[in-house]
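Structure at a glance
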Amino acid sequence: MQATGGYQPVFTGDRRARLDEIRARYPTKRAALLPALWIVQEAHGWISDAAMAEVAETLDLTAAYVKGVVTFYTMYHQHPVGRHFIQVCGTTPCNLCGAEGVIHAFLTHTGCRELGATSPDGRFTVVEVECLGACGFATPVLIDDDFIESVTPEGVPGLLQRYP
Amino acid sequence: MGYPHRPHPKETVVLSQYFGDADARTYAGWVKRGGYAALQRALGMKPGEVVDLVKASGLRGRGGAGFPTGMKWSFMPREKTKPHYLCCNADESEPGTFKDREIMRWTPHALLEGCAIAMHAIQAEVGYIYIRGEFTEPIRIMQAALDEAHREGVLGANALGSGRPLDIWIHRGAGAYICGEETALMNSIEGRRGNPRIRPPFPAQAGVFGLPTTVNNVETLTSVPAIVTQGAEWYQKLSLSNPKSAGTKLFSVCGHVARPGNYEVTMGFPLKDLVYDLAGLRPGRTLKACQPGGSSVPILNREESEACLLDYEGCVAQGTMLGSGGLIVFDDTADMVYQIMRLARFYAHESCAQCTQCREGTGWTVRILERILSGKGAMSDLDLLLDVGEQMTGKTICVLSDSCAVPVVSGIRKFRGEFEAYITGARKPVLAVA
């Protein structure tokens, strides 16, 4: 496959080996699609059209099919995001415990003017997500791969300092 | 255990015995605590015998549907002519529910053991644990436990020296509540959009990759090892009132409570004791409502909550369902209309969009509720919501659609006054909608 516009292929070397090992777990190549997309996102931070084309070719799927899957699942980024991606739960059990105040605190202290936007310095993107499965530890927040429990509005500035 | 609090004397600690005990996560720690003895015993039994044992125990699915587990296993072909699969549903996304996460992060080997026993019972050699993508810590911990289990020969080509291969893999989700629906989960494993399937065919006939498959919840599978070592009768006796609901259940108590957490009690435990006694309300507050089984079960008012016994039949008797056991508590400060709107937004966000009633109905429900909350609602909106709810019920490929209608319909029925207050202007709007 020709690399166009500076795209760096993901599935070479170790990552190729990882994907091959994953493929062996399933009777079809298609079943390695979600794992493959995670590997792409770990490598590049997001999943571009070019990446989808590479994944498609690697797994004998069409790029259109891959795009259909990428667009279904909310955790796959279809565009670049801030250096740190912040997901705050807002569903009812957390809502009862003040989640909206936590969301507001994140928007304020990150400099992101609205949900889904990246801060001007490129450091943060904040989104509100649905139930994170930690309702007894309201309000839970995912920052990158760190799952943080019991976040309060007052605790937000200190928490953000851990993510330069 | 009312984890993260100390166990309350009224709890019956079985599954949650080692919550908070980091040593129990390791293979060595698990074996020290009696781990993998159940798997050893099960591997010495015939698959059919294991199925009969679980049937006799009365274990029912703990993910939400409450289907008898032994019966589900018995649907798998007795004579194996093609590969069989087990899928462990660790997609835990039902609002109010946070028990499977605790099981995975504190007793990962207990889940592996339950999966392996189930795989033996249904004659599967491969099992997938479908863990929702957001559960980064459980994924890390389960992967570490899997690596240990392989190193120690518990899993792999020759599981525990039995001569049988048992392989378990983690399949990471990527953000979709609907993938907790068993057929959508299977589609997601196959590398597809998480759209539920029409049934029949059922998973036991044509599941993942068109092959016989059983899908079970994390808590269900984790309940299996103790049944193997202690017997069906022991499990049956763990019930306070009703023989049709056996064993213990983890209740994820959350919302307006003083001590939120996972409480393990026997089936039939009074809801009012769980809320008033074990978890406790916040100081000075009174109970307004609760949903005992996650956001998809009918809302109970205070009287119903106080009368409710927490087992499958007890909840049905109060007009609700045990569901996942995600107990959401609303005290007197809760704005029922706002919270129901927020639930509707959840379902609208999570709809896979296959079925018109769900795709459109969840959206309409949100917009009507937002209209009411912004002071622009009319009394006819309540009839409209009930009408839309009826059209969303019993008419779609899966029950996400019904689940959206449930809190709306039960909310209007039991808290109509709160809706009317926004409509008449007795209560000031809390939303600004264009």
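Residues numbered from 1 in each chain as written. Chains lettered and ligands numbered in written order. Predicted model: local features only at pLDDT ≥ 70, side-chain atom pairs only at ≥ 80, totals over all residues.

Focus on the overall build of chain B
Here is the rule: Counting from the N terminus, the helices are the DSSP runs of H or I reaching at least four residues and the strands are the DSSP runs of E reaching at least two. Throughout, radius of gyration means the C-alpha value; the globule benchmark is 2.2 Å times the number of residues raised to the power 0.38. Once C-beta atoms are placed from the backbone, each residue is buried if 20 or more other C-beta atoms lie within 10 Å of its own, exposed if 12 or fewer, and partly exposed for counts between those two. The contact criterion used here is simple: two residues whose C-beta atoms, placed from the backbone, lie within 7 Å are in contact.
In terms of helices and strands, chain B carries 18 helices and 11 strands. Its C-alpha radius of gyration of 22 Å places chain B within 12% of the 22 Å reference for a compact globule of 434 residues. Along the longest, intermediate and shortest principal axes, the C-alpha atoms of chain B span 70 × 45 × 35 Å. For chain B, buried positions account for 58% of its 434 residues. Considering only residue pairs separated by 6 or more positions, chain B has 70% of its internal contacts joining residues 24 or more positions apart.

Topic: the overall build of chain A
If you tally the helices and strands in chain A, you get 7 helices and 4 strands. Helices (α) and strands (β) of chain A occur, in sequence order from the N terminus, as α-α-α-α-β-α-α-β-β-β-α. Here the C-alpha coordinates of chain A stretch approximately 50 × 35 × 25 Å along the principal axes. Counting over 164 residues, chain A shows a buried share of 43%. Within chain A, residue pairs in contact and separated by at least 24 positions form 56% of the contacts whose partners lie at least 6 positions apart.

Concerning the domain arrangement of chain A
How big an interface is tends to be reported as the loss of accessible area on association of its parts. Using the following cut-off: Throughout, the edges of the domains are those of an automatic or database domain assignment.
Domain parsing of chain A yields domain 1 (13-72) and domain 2 (84-154). One C-alpha centre belongs to domain 1 of chain A, the other to domain 2 of chain A; they are set 28 Å apart.

Quick look at helix H3 (residues 49-59) of chain A
Because each turn of an α-helix spans 3.6 residues, side chains separated by three or four positions end up pointing in the same direction. Residue and element names in this part refer to chain A. The line we're drawing: To be clear, the arc concerns the directions from the helix axis to the C-beta atoms.
Three or more residues of H3 are buried, namely Ala 51, Met 52, Glu 54, Val 55, Thr 58 and Leu 59. Down the axis, H3 shows its buried residues gathered within 160° of arc, on one side only. The positive-phi residue at the C-terminal boundary of H3 is Asp 60, with phi of around 60°.

Examining the domain arrangement of chain B
All names here are of chain B. According to the domain assignment, chain B contains domain 1 (34-235), domain 2 (250-331) and domain 3 (336-424). Averaged C-alpha coordinates put domain 1 and domain 3 at centres separated by 34 Å. At the junction of the two partners, domain 1 supplies 9 residues and domain 3 supplies 7 residues.

Focus: the sheet that holds strand E2 (residues 124-129) of chain A
Sheet strands line up and pair through hydrogen bonds in the backbone, either parallel or antiparallel. Residues and elements named next belong to chain A. This is how the line gets drawn: What makes two strands pair is DSSP finding at least two bridges between them. Orientation is described by axes fitted as lines to C-alpha atoms, over the contacting stretch for helices, and by angles from 0 to 180 degrees between their N-to-C directions.
Taken together, 4 strands build an open sheet; the order of strands is E2-E1-E3-E4 and the sheet is mixed. Among the strands making up the open sheet, the edge pair consists of E2 and strand E4 (146-148). Averaged over all neighbouring strand pairs, the angle between strand axes comes to 20°, with direction disregarded. Bridging between strand E3 (residues 141-143) and E4 involves 3 bridges; their strand directions are antiparallel. Among the inter-strand pairings, Ile 143 is bridged to a residue of E4, identified as Asp 146.

Digging into the environment of B:Val366
Within the element layout of this structure, B:Val366 appears in helix H16 (residues 356-373). With residues up to four places along the chain from it excluded, the contact list for B:Val366 reads B:Met341, B:Ala344, B:Arg345 and B:Ala348.

Notes on the pairing of strand E6 (residues 261-266) of chain B
All names here are of chain B. Counting buried positions along E6 gives 6 out of 6 residues, so the element sits mostly inside the fold. Judged from the 6 bridges that link them, strand E5 (residues 248-255) and E6 form a sheet pairing that is antiparallel. In the sheet register, Leu 250 faces E6, and the bridge partner there is Glu 264. Linking E5 back to E6 in an antiparallel pair, the connection comprises 5 residues.

Notes on the nonpolar core
Put simply, the rule is: By our criterion, buried Ala, Val, Leu, Ile, Met, Phe, Trp, Tyr and Cys residues that link up through C-beta atoms within 7 Å make up a nonpolar core.
In this structure, B:Cys87, B:Cys115 and B:Leu274 are the most contacted members of the largest nonpolar core, which totals 187 residues. Counting residues per element, this core draws most heavily on helix H18 (residues 400-424) of chain B, which supplies 10 residues.

Observations concerning the interface of chain B and chain A
The following threshold applies: Three residue categories are used. Nonpolar comprises Ala, Val, Leu, Ile, Met, Phe, Trp, Tyr, Cys and Pro, charged comprises Asp, Glu, Lys and Arg, and polar comprises the others, including Gly.
Facing the 47 residues of chain B at the interface are 33 residues of chain A. Secondary structure elements with two or more residues in the side of chain B that touches chain A: helix H7 (136-151), strand E3 (167-172), helix H8 (182-189), E5, E6, strand E11 (326-331) and helix H15 (336-350) of chain B. Broken down by element, the residue count for the side of chain B that touches chain A peaks at 6 residues, all from H15(B). Residue classes in the side of chain B that touches chain A are distributed as 17 nonpolar, 19 polar and 11 charged.

Some thoughts on the sheet that holds E6(B)
Residue and element names in this part refer to chain B. Strand order in the open sheet formed by 5 strands is E6-E5-E11-E8-E9, with mixed pairing between adjacent strands. Lying at the two open borders of the sheet, with one neighbouring strand each, are E6 and strand E9 (300-301). On top of the sheet, helix H12 (residues 271-279) reaches E5, E6, strand E8 (287-291) and E11; it is set at about 130° to E6, its chief contact.

Things to note about H8(B)
Counting buried positions along H8(B) yields 8 of 8 residues, so the element is predominantly enclosed. By the burial criterion, the buried members of H8(B) are B:Glu182, B:Thr183, B:Ala184, B:Leu185, B:Met186, B:Asn187, B:Ser188 and B:Ile189. Elements that come into contact with the buried residues of H8(B) comprise helix H2 (33-44) of chain A together with strand E1 (85-90), strand E2 (126-131), E3 and strand E4 (213-217) of chain B. B:Gly191 lies just past H8(B) and shows a positive phi near 90°.

A look at unusual backbone geometry
That bond from A:Ala138 to A:Thr139 is cis: its omega, -10°, falls within 30 degrees of zero. Checked against the element boundaries, A:Thr139 lands in the loop between E2 and E3. In this structure, B:Tyr36 is a non-glycine residue whose phi angle is positive, near 70°. Looking at the element boundaries, B:Tyr36 is found in the loop between helix H1 (27-32) and helix H2 (37-43). Non-glycine residue B:Phe209 carries a positive phi angle of around 55°. Within the secondary structure layout, B:Phe209 lies in the loop between H8 and E4. You can call B:Phe209 partly exposed: it has 17 C-beta atoms within 10 Å.

What to know about the confidence of the model for chain B
Any residue range with low pLDDT should be treated as having predicted coordinates unsuitable for detailed reading. Where we set the bar: pLDDT expresses, on a scale from 0 to 100, how confident the predictor is about each individual residue.
Across chain B, the average pLDDT comes to 96, with 99% of residues at or above 70. On the interface metric, ipTM, the complex scores 0.97, and its pTM is 0.97.

Some remarks on the packing of H2(A) against H3(A)
Residues and elements named next belong to chain A. Our working definition: Note on terminology: angles under 35 degrees are roughly parallel, angles over 145 are roughly antiparallel, angles of 65 to 115 are roughly perpendicular, and the others are oblique. Put simply, a crossing is left-handed when the front helix is turned counterclockwise from the back one by less than a right angle, and right-handed when it is turned clockwise.
In contact at an axis separation of 11 Å, H2 and H3 are set at 140° when each is read in the N-to-C sense. The orientation of H2 with respect to H3, classified from their angle, is oblique. The handedness of the crossing between H2 and H3 is right-handed. Residues Leu 33, Ala 36, Leu 37, Val 40 and His 44 of H2 pack against Ala 51, Val 55, Thr 58 and Leu 59 of H3. Of the residues belonging to the contact of H2 with H3, the class tally is 7 nonpolar, 2 polar and no charged.

Section: the environment of B:Cys179
Residue and element names in this part refer to chain B. When you line up the elements, Cys 179 lands in the loop between E3 and H8. A count of 31 C-beta atoms within 10 Å places Cys 179 in the buried class. As a C-alpha pair, Cys 179 and Thr 26 span 153 residues in sequence and 29 Å in three-dimensional space. The contacts of Cys 179, once residues within four sequence positions are left out, are Asp 91, Gly 173, Ala 184, Leu 185, Ser 188 and Gly 194.

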